[in-house]
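What the coordinates show
What follows is the residue order along each chain.
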Amino acid sequence: MLISIRSESALARFFQLTVALLLSIAATQAHSRPLNDDDVEAIIATMEEMDTVLGDDEQKGPEDQIEDERDGRSTDISRFFSGLVEEIEKHPPTKEKLASMVQRHGFKDPEEWAAVGDRVYAAYAASQMEGQPAMTQDDIDRYMARIEDSPMPEAQKTRMRNNMENMLAANRAFHNVPDEDIQAVRPYAEEIIRALQMADDE
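Notes on the structure follow. (Residues numbered from 1 in each chain as written. Predicted model: local features only at pLDDT ≥ 70, side-chain atom pairs only at ≥ 80, totals over all residues. Heavy atoms only, no water.)

What to know about the nonpolar core
In this structure, I43, L98, W113, V120 and V185 are the most contacted members of the largest nonpolar core, which totals 38 residues. Among the elements of the structure, α2 (37-48), α3 (50-54), α5 (80-88), α6 (92-104), α7 (110-128), α9 (154-174), α10 (179-185) and α11 (189-201) are those that each provide at least two residues to this core. Membership of the second largest hydrophobic core comes to five residues, among which are I140, M144, M164 and L168. (Core = buried A, V, L, I, M, F, W, Y, C linked by side-chain atoms within 4.5 Å. Buried < 20%, exposed > 50% of the residue type's maximum accessible area, 1.4 Å probe, protein only. Helix = DSSP H or I, 4+ residues; strand = E, 2+ residues; numbered from the N terminus.)

Structural data, given as structure tokens:
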């Protein structure tokens, strides 16, 4: 029996929706899996190689361009890796180099690398904040009130408001990191610090 074009189109849409749903479920399950040694070691290794992706142009390289684009804008530190990938999207040759580098370390693509990297970074930050009280909205409101009462220019006030909002979001995220992730990252704290310093120096 012949299937009409309309039926074929409906079947195709059904198939696409089914695949999208399965991929969504798989991504959720992957994210819910606790971090392990391989995840953390792979992220550290990629951090140590970031100069091969960002810093090899003779004059003004991709890293400088990305930093210029970020100037004056606040950054959500709980999305440290994801934010970097979003900026690199604007530089296709750099995105290709990043993809090649992260694939060598076992990641499917920069997006998967960023998702794992954000979790490693969040777990590291959470381990450093243990014992500290979570920042509350009241804390932010008091700080914002001091900003509003200050004589600083409005543009500077806007940047500080954005920074504080991102800080609050990151603080909440870091205080909700699963304990399993924190325990996975804890033995690598010194290596993560060194890798972050290397990335900052490049």
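Overview of the side chain of D118
Residue placement: D118 occurs in helix α7. Polar side-chain contacts of D118 include one of 3.3 Å to the backbone nitrogen of F80. (Polar contact = N/O pair within 3.5 Å; in protein donor to acceptor, adjacent residues only side chain to side chain.)

A closer look at the pattern of salt bridges
Side-chain pairing between opposite charges can occur once the charged atoms of the two side chains come close. Following the criterion strictly, the structure yields nine salt bridges and no others. Between R33 and D39 there is a salt bridge; the shortest N-O distance is 3.0 Å. You can call R33 partly exposed: its relative accessible area is 36%. Since its relative accessible area comes to 9%, D39 is described here as buried. The salt bridge partner of E111 is K95, with a shortest N-O separation of 3.4 Å. Residue E111 is found in helix α7, and its partner K95 is found in helix α6; the two are separated by 16 residues along the sequence. A relative accessible area of 38% means that E111 is categorised as partly exposed. (Salt bridge = Lys/Arg side-chain N within 4 Å of Asp/Glu carboxyl O.)

A look at α2
Taking 1.5 Å of rise per residue, the 12 residues of α2 would be expected to cover 16 Å, and the 17 Å separating its terminal C-alpha atoms lies within 8% of that figure. Taken residue by residue, α2 has D39, V40, A42, I43, I44, A45, T46 and M47 as its buried positions. (Expected span 1.5 Å × (residues − 1).)

Section: α7
With 19 residues, α7 extends 26 Å between its outermost C-alpha atoms, agreeing within 8% with the 27 Å of an ideal straight helix rising 1.5 Å per residue. For α7, the tally of buried residues reaches 15 of 19 residues, placing the bulk of the element in the interior.

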